[in-house]
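Single-letter residue listing:
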Amino acid sequence: MEAELRQRQNPHPAHPAGASCPSCGTSSIRMAFRLLALAARMDMMWLLRDTRSCLLVMTTDLIGTVSGIAGVLLMAARFGGIGGMTQDQVLFLLGYATCIDGLFMLFFGMNNNGMISRVIGRGQFDHMLIQPVPLPLQIFCTGFIPFTGSSVLLGGAAVTAIAAHRIGLASNPLWVPAMIGSLFASLGLILAFSFLIGSSAFWAPVAAEEICMSAVGFFDATKRFPLGGLPLPLQLVYCTVLPAGLVAWLPAARILGLPAAGLTTFFLVLAALFVGSAATLVFRKGLRHYAKYGSNRYTDHAHRR
């Protein structure tokens, strides 16, 4: 069973990622682009066939995001800035945090790709394993929704651009690549944290089915707040043990040239790599457990049979 599971994860283990595979005539990179194009096409078909519902979903996503950042922005406007940031700097932080939400929705907003505990807990993991596509490619490609899932990212980019113009970042164009790199590091950290926590569904599929929602929701509820007004020990806690400040406040503050718990943006990259490595180890261990016991969805006492 374990050998069969490894074969399903990687149908061609002898070929490294990106190398041509004689048996299928393609490469992992080419397959990834094909999957992304297919996901984009399906998303476009939904938009064209049910435009009214799609526009409604996109609008509600944008309204929900605006309402989520409005409280912090109004506080900054009322007091002329909070947490060691001016009103415009807080606006930049909110734009950065919104861009993270938009990227997560853009690449992992479909098929519960970013909420792996749902896939495992609902017994849908077998559906992925029987596909003739390596499991990592399915996870990172089939949730792509560039048309119906782009409204939050576009809104966040607009907010960030307005804040950058008001602050005067245009004189230093290097902030754009720095922000792009930081955004993907932040996204990687959130995704790794979700998979690290969500892997518990391999052992407790019923109890842990929605645990990824809580893991991602932890970042949603806290990453928008400026932490510069807190004592240094608490800043370090929110950038290490509870990494809510690490994914948005730290990179945004460093881009703006502000101190952030004495840490640099490179610490965010190291944290993403560390949590990603831990998530990979735990996920593989969960796969080995899954190879032995499978899913209880297909038993007589399954909770969703």
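For the structure, see preceding data.
This report concerns the structure included in the present document. As the structure is a prediction and not an experimental result, all values here were calculated from the model.

What counts and how
Residues numbered from 1 in each chain as written. Predicted model: local features only at pLDDT ≥ 70, side-chain atom pairs only at ≥ 80, totals over all residues. Heavy atoms only, no water. Helix = DSSP H or I, 4+ residues; strand = E, 2+ residues; numbered from the N terminus. Buried < 20%, exposed > 50% of the residue type's maximum accessible area, 1.4 Å probe, protein only. Areas by Shrake-Rupley, 256 points an atom, 1.4 Å probe, with all protein chains shown as cover. Phe/Tyr/Trp six-rings, centres within 6.5 Å; stacked < 30°, edge-to-face > 60°. Salt bridge = Lys/Arg side-chain N within 4 Å of Asp/Glu carboxyl O. Expected span 1.5 Å × (residues − 1). Contact = heavy atoms within 4.5 Å.

### Some words on the overall build of the chain
Within the chain one finds 14 helices and zero strands. N-terminal to C-terminal, the α/β element order of the chain is α-α-α-α-α-α-α-α-α-α-α-α-α-α. Per-residue burial over the chain gives 45% buried out of 305 residues. Carbon and sulfur atoms provide 67% of the accessible area of the chain, an area that totals close to 15,300 Å².

### So, the packing of aromatic side chains
This model, assessed by the stated rule, comprises 14 aromatic pairs. An angle of 85° between the planes, with centres 5.6 Å apart, marks the rings of Phe-125 and Phe-202 as edge-to-face. A residue pair is termed long-range when its members are at least 10 positions apart, and Phe-125 in helix 6 (residues 125–129) and Phe-202 in the loop between helix 9 (175–198) and helix 10 (211–222) qualify at 77 residues. As far as burial versus exposure is concerned, Phe-125 and Phe-202 are alike and both buried.

### Some words on the pattern of salt bridges
Going through the model one piece at a time under the given rule, you end up with seven salt bridges. As a salt-bridge pair, Arg-224 and Asp-101 come within 3.2 Å of each other at their nearest N and O atoms. Pair noted here: Arg-224 is in the loop between helix 10 and helix 11 (232–239) and Asp-101 is in helix 4 (residues 87–108), with a separation of 123 residues, a long-range link. As far as the burial class goes, Arg-224 and Asp-101 line up, both buried.

### With respect to unusual backbone geometry
Residue Asn-111 is not a glycine yet carries a positive backbone phi of 65°. Position of Asn-111 among the secondary structure elements: in the loop between helix 4 and helix 5 (116–121). The class for Asn-111 is partly exposed, based on a relative accessible area of 47%. With a phi angle near 55°, Asn-112 is a residue other than glycine that sits in the positive phi range. In this structure, Asn-112 sits in the loop between helix 4 and helix 5.

### Quick notes on helix 2 (residues 28–49)
Given 3.6 residues per helical turn, the α-helix brings residues three or four places apart onto the same face. An ideal rise of 1.5 Å per residue puts 32 Å on 22 residues; helix 2 measures up with 31 Å between its terminal C-alpha atoms. All buried positions along helix 2 are accounted for by Met-31, Ala-32, Leu-35, Ala-39, Ala-40, Asp-43 and Leu-47. Where helix 2 is buried, its residues meet helix 3 (51–79) and helix 7 (135–141).

These figures come from the coordinates and say nothing about function on their own.
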